[in-house]
Amino acid sequence: MNDNESDVMVSKGLWPTIAETRHFTPCTLSMPAAKRKPSASAQPSSNSKRADKLAKLGLRTPMDLALHLPLRYEDETHILSIREAGFMAGGTPQVEGVVSACEVQYRPRRQLVVTIADDSSQLVLRFLNFYGSQIKQLAEGTRVRVRGELRHGFFGAEMVHPSYKIINAGAPLPTALTPVYPAGEGLSQTFLRKAIADAMDQIDWRDTLPDHVRTSLDLMPFEPAVRLLHNPPPDVDEHALMERQHPAWIRMKFDELLAQQLSLKRAQAARRAKGAIPLPLIGSLSTALLHALPFTLTAAQQRVLAEIRHDLRAPYPMQRLLQGDVGSGKTVVAALAAAQAIDSGYQAALMAPTEILAEQHFRKIAAWLTPLGIDIAWLTGSLKKKEKTDALNRIASGQARLIVGTHALIQESVAFAHPGLVIVDEQHRFGVEQRLALRNKGLALADSATTTVPHQLMMSATPIPRTLAMTYYADLEVSVIDELPPGRTPIITRLIDQERRDEVIDRMHAAALEGRQTYWVCPLIEESEALQLQTATDTHAALCAALPDLHIGLVHGRLKPAEKKAVMDDFIRGATHVLVATTVIEVGVDVPNASLMVIEHAERFGLSQLHQLRGRVGRGTAASVCLLLYQSPLGQVAKERLATMRETTDGFTIARRDLEIRGPGEFLGARQSGQAMLRFANLETDQWLVEKARDIAQALLHDDPETVDAHLLRWLGGREEYLRV
Ligand code: ADP
Ligand code: MG
């Protein structure tokens, strides 16, 4: 293998040796082999670009690299003739040929077009993005092995962006499956393979699981499992490997789940050890608030309130999730919890993910508590300097007993006089960083004399399936409001082809004349906020033109807070018939008189998003209708989603379907949390492993703290805190 080849040609069975890969070795791993000590700890990083790119993937230490396991495997053990490949339906065949032409074309757009031929036929390779070096690399006469999806284009068989390698005639085929790694931009598979192979020579392979644990669960030892996954032997059970059911995968999944359980349980213990100020008094404010409410609590609200009241009395911090479907009445429960903190002489804070929602809470809770003599501070990023200073002063002096706001609440400049309780609405809507900040703020809020931390109540309309509750939320207590307040009329949901939009507008017009109000939700355009804004503005203009006799408002994320407030106020007062909105109205907005919801291009929304949006209606006594406009033809996933929306309004059923359709990662909004996600275990199919991991974690924490430390270090390194937010 010459040097040039070694860059492109690495296959299983032909692993490069360390000597060959030396010049590719990333700097974190670049100590000379002789001086390396086996060690799993991080090594000083230089400024190598590749090291940076690896770091972006979270790969900093040799162990990180060793645990960067293949996403999938490709079977490169066979070569088809180009003719045979042309008959194959689907799949990604591998063919081999010699380049007969290589040229850059400029129409319809700039692209590199390479023609290769074997004895049977020829094949065009198209590269829409390419480097100049590829033109030389793929010069006429070069022999290449190519793998990709084969299409029959206008000029015959072609592959667009196939993977390829330059080879010599007669180069042996791999004898086993080829791993394919998750790769970031600018990191080739070849490079990753070499970096991983090199890393595997540097790590401490000691098994972190005690023998008795391994044997009791019949788990494969660590080192052979990792090595097998990176370099499967020819006789491996390919199906089990691909499906991630091979014992080597099971071992990885178990280790990963165990690390997660250990981390969560440790966090829980640490929090308990901190202690909190007991908030035992259910005094005059709590009583007065209950009396002042225009309704009585549902049985479910009473039950969860009792659970919260009980927790607040404890000398260690409550960590409770209040879960209740959209419209189930979580706000009043939060207000009553706050009242208990205030009755006990402490402050309560209520934080919401959007300004609109925080504003609503403020308005509603102020209407309840201000007449009872409670000073409530309002805090968002958009306050004028003077207003902000005033709010901060009242918070710091203790005059403000309740503080309502957005994540401005967790900024450094905010100092509470007597923090007792922090309530977070729609907590899963906050980004990971904010959740982390909140937790640290909670710690910073700790009363320095007693080193206690505030109690925490989180609220969410998104129900958590059992497996998730056992993993991500393992350290939370959960209260569920499983009943809606009486007198709600069910929402009728209809799916309507976007072509009938005009009829929908007529219907909305008629409804407005009867005094009903409508939300008109504009299509989601994920790629571009600007485009989304444009669409909302256009829709608003078009509806205004079509219905000149109606008042039509527009609300979107780019409005200034004061403008937003004015628009929402008009709608709440009933001065606007129709509110054209982007998804800013998705969470929490509560206008009981609105009874018609139109969602354009509903097929672009996720299930939980549709459920949240629909939950904005059906809050009053009028029968509510939700019209989901869709663009046909619908894809399979969209079809399933919309059918679910038509069939049920039950948040639990919808969440379960959502989990099935999307998988738990997105469901949690945890896509953004990167490292926090389970990489290997699948909460749906590996439930039994979750349960085993939980039990073993319990036992290890109890009698083997050294194992716990070693295991956590190996699997989480410095990323542990992200798992717990
Ligand atoms: P969510 O759980 O979605 O946050 P809210 O707290 O906004 O729901 O409550 C939805 C609506 O139901 C509000 O207008 C609220 O005042 C009202 N509500 C709450 N509890 C009751 C109850 N027990 N009886 C009647 N209405 C209630
Ligand atoms: Mg709410």
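Residues numbered from 1 in each chain as written. Chains lettered and ligands numbered in written order. Predicted model: local features only at pLDDT ≥ 70, side-chain atom pairs only at ≥ 80, totals over all residues. Heavy atoms only, no water.

Draft legend 1. Structural context of the overall build of the chain. Looking only at helices and strands, the chain has 27 helices and 22 strands in total. For the chain, with 725 residues in total, the buried portion stands at 54%. Sequence-distant contacts in the chain: of pairs separated by 6 or more residues, those separated by 24 or more amount to 76%. Carbon and sulfur atoms form 53% of the exposed surface of the chain, whose accessible area is close to 32200 Å². (Helix = DSSP H or I, 4+ residues; strand = E, 2+ residues; numbered from the N terminus. Buried < 20%, exposed > 50% of the residue type's maximum accessible area, 1.4 Å probe, protein only. Contact = heavy atoms within 4.5 Å. Areas by Shrake-Rupley, 256 points an atom, 1.4 Å probe, with all protein chains shown as cover.)

Draft legend 2. Inspection of the site of ligand 1 at higher detail. Near ligand 1 you find 17 residues, and of these Thr-296, Gly-327, Lys-330, Thr-331 and Arg-488 are the closest. Between an oxygen atom of ligand 1 and a main-chain N or O atom of Gly-327, the distance comes to 2.6 Å. Take Ser-328: an N or O atom from its main chain is 3.4 Å from an oxygen atom of ligand 1. In isolation ligand 1 offers 560 Å² of accessible surface; the protein chains occlude 87% of this area. Residue classes in the shell around ligand 1 are distributed as four nonpolar, seven polar and six charged. (Near = heavy atom within 4 Å. Polar contact = N/O pair within 3.5 Å; in protein donor to acceptor, adjacent residues only side chain to side chain. Nonpolar A, V, L, I, M, F, W, Y, C, P; charged D, E, K, R; others polar.)

Draft legend 3. Local environment of the sheet that holds strand 11 (residues 347-351). The seven strands lie next to each other as 12-13-11-14-15-10-16, forming an open sheet whose pairing is parallel. Edge strands, defined here as strands with exactly one partner in the open sheet, are strand 12 (376-379) and strand 16 (477-481). With direction set aside, neighbouring strand axes in the sheet form an average angle of 20°. Judged from the four bridges that link them, strand 11 and strand 13 (residues 402-405) form a sheet pairing that is parallel. Looking at the pairing, Met-351 lines up with Gly-405 of strand 13. On top of the sheet, helix 16 (residues 385-397) reaches strand 11, strand 12 and strand 13; it is set at about 135° to strand 12, its chief contact. (Pairing = 2+ DSSP bridges. Axes fitted to C-alpha atoms, helices over the stretch in contact; angles between N-to-C directions.)

Draft legend 4. Up close: the environment of Met-458. Within the fold, Met-458 resides in strand 15 (residues 455-460). Take Met-458: its relative accessible area is 6%, and that puts it in the buried class. Contacts of Met-458, omitting those with residues within four sequence positions, involve Gln-319, Arg-320, Leu-321, Leu-322, Val-424, Gln-427 and Leu-476.

Draft legend 5. Expanded view of the nonpolar core. Counting 63 residues, the largest nonpolar core has Leu-369, Leu-379, Leu-402 and Leu-421 as its most contacted members. The element best represented in this core is helix 14 (residues 330-343), accounting for ten residues. With near-sequence residues (within four places) excluded, Leu-379 lies in contact with Lys-388, Ala-391, Leu-392, Ile-395, Ile-403, Val-404, Gly-405, Thr-406, Ala-408, Leu-409 and Val-414. With 54 residues, the next largest nonpolar core counts Phe-191, Ala-199, Ile-250 and Val-690 among its residues. (Core = buried A, V, L, I, M, F, W, Y, C linked by side-chain atoms within 4.5 Å.)

Draft legend 6. Just the packing of helix 14 against helix 15 (residues 355-369), in detail. For the pair helix 14 and helix 15, interaxial distance at closest approach is 11 Å and the crossing angle is 55°. Classified by the interaxial angle, the pair formed by helix 14 and helix 15 is oblique. In this structure, helix 14 crosses over helix 15, and the sense of that crossing is right-handed. Contacts between helix 14 and helix 15 involve Thr-331, Val-332 and Ala-335 from the first element and His-361, Lys-364, Ile-365 and Trp-368 from the second. (Parallel < 35°, antiparallel > 145°, perpendicular 65-115°, else oblique. Left-handed = near helix turned anticlockwise from the far one by under 90°.)

Draft legend 7. Spotlight on the environment of Gly-91. For Gly-91, the position within the fold is in the loop between helix 5 (82-87) and strand 2 (94-105). For Gly-91, a relative accessible area of 45% gives the class partly exposed. When the C-alpha positions of Gly-91 and Gly-148 are compared, they lie 7.9 Å apart, and in sequence the two are 57 residues distant. In this structure, Gly-91 is in contact with Gly-148 and Glu-149, ignoring residues within four places of it in sequence.

Draft legend 8. Summary view of the sheet that holds strand 20 (residues 578-581). Read across the sheet, six strands follow the order 17-22-21-18-20-19 without closing on themselves; strand pairing throughout is parallel. Single-partner strands in this sheet number two, and they are strand 17 (491-497) and strand 19 (552-555). Averaged over neighbouring strand pairs, the angle between their axes works out to 20° when direction is ignored. As paired strands, strand 21 (residues 594-599) and strand 22 (residues 624-630) are joined by four bridges and run parallel to one another. Bridge pairing in strand 22 places Ile-599 opposite Leu-628. Where helix 22 (residues 607-614) meets the sheet, it contacts strand 17, strand 18 (517-521), strand 21 and strand 22, and its direction lies at approximately 150° from that of strand 21.

Draft legend 9. How the structure looks around the pairing of strand 7 (residues 156-160). As defined by bridge partners, strand 4 (residues 122-127) adjoins strand 7 across three bridges and the pair is classed as parallel. Residue Leu-125 lies in a different strand from strand 7, and its bridge partner there is Met-159. In terms of strand pairing, strand 6 (residues 151-153) meets strand 7 through three bridges, oriented antiparallel. Of the residues in strand 7, the one forming a bridge with Arg-151 is Glu-158.

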